[in-house]
Amino acid sequence: MFGKFVMYLQGFMSLFWKGFAAANPELAYEGALTEFAKRVERHTVSMGGIKAELNKQRARLVAAQEHVKQADAEVRAALRMDNKTVGLKASANLQTYRTEVATFEGLVGQLQKEYDSQVSIARNLRAEYDKMQTKSKVNISRLRAAQAVEASLKMMDSVSTDDIAQTIHAIDDSVEEAVGRVDARRDAIGARLEESAVHD
């Protein structure tokens, strides 16, 4: 029952997110990039834990190697002094320390491989983040350009060609009327001038 509720909730959130992303692509990109950056940061923190453990095991390995050197020196000294009791104890210690060295070498090797793998993953994540960031900038620029074109087309759609033709005809008619009035006035003035010349 609870599983179905979670499934429905995830479906609703997915639809909500898709609707939000379509309506607000810049915010959706920013949110996705922020979430991705948080994941990269969490990965970096977990790498820090692996690195700390690697350093701790390396320190233990160095200490175990020092114990091997000391135990080896004790075994050699016991052999020179022909002290079997000290020699047997030093030999047992030497074997224990060699086992520790082998164990720590294995751990250090495994941790180093894991750390190297995580470093490679971190590089890939960072490259993917950079690629996503560049792509989001390009897509936002494309979106803004498309929105500007769409707004221009809407403005052009609101002005029909019939309206423009009617406006041009009205201007033509006004010009013709004005020219007609000027011609009539000129003719009237010319007729008066002729009439006054005849009377003189």
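Relevant structure appears above.
None of these values were measured; they are calculated from a predicted model.

1. Remarks on the packing of aromatic side chains
Piece 1. All told, the structure shown has one aromatic pair when counted by the stated rule.
Piece 2. K51 extends its terminal NZ or CZ atom over the ring of Y115, reaching a point 4.9 Å from the ring centre.

2. Considering helix α2 (residues 25-81)
Piece 1. Over its 57 residues, α2 runs 83 Å from end to end, which matches the ideal 84 Å to within 8%, given 1.5 Å per residue.
Piece 2. Immediately beyond the C-terminal end of α2, within one or two residues, lies D82, with a positive phi of roughly 55°.

3. Examining unusual backbone geometry
Piece 1. Phi is positive for D82, close to 55°, though the residue is something other than glycine.
Piece 2. Tracing the backbone shows D82 in the loop between α2 and α3 (84-158).
Piece 3. A relative accessible area of 62% places D82 in the exposed class.

4. Remarks on the pattern of salt bridges
Piece 1. Counted under the stated rule, the structure contains seven salt bridges.
Piece 2. As a salt-bridge pair, D130 and R126 come within 3.5 Å of each other at their nearest N and O atoms. In this pair, D130 and R126 both sit in helix α3, four residues apart, roughly one turn of the helix.
Piece 3. Residue R126 is classed as partly exposed on the basis of its relative accessible area, which comes to 44%.
Piece 4. Beyond isolated ion pairs, a larger network of salt bridges with shared partners links E35, R39 and R42.

5. Side note on the environment of Q95
Piece 1. Structurally, Q95 can be placed in helix α3.
Piece 2. Residues Q95 and D72, spaced 23 residues apart in sequence, show a C-alpha to C-alpha distance of 9.5 Å.

Scoring rules and cut-offs
Residues numbered from 1 in each chain as written. Predicted model: local features only at pLDDT ≥ 70, side-chain atom pairs only at ≥ 80, totals over all residues. Heavy atoms only, no water. Phe/Tyr/Trp six-rings, centres within 6.5 Å; stacked < 30°, edge-to-face > 60°. Lys NZ or Arg CZ within 6 Å of the ring centre and 35° of its normal. Helix = DSSP H or I, 4+ residues; strand = E, 2+ residues; numbered from the N terminus. Expected span 1.5 Å × (residues − 1). Buried < 20%, exposed > 50% of the residue type's maximum accessible area, 1.4 Å probe, protein only. Salt bridge = Lys/Arg side-chain N within 4 Å of Asp/Glu carboxyl O.

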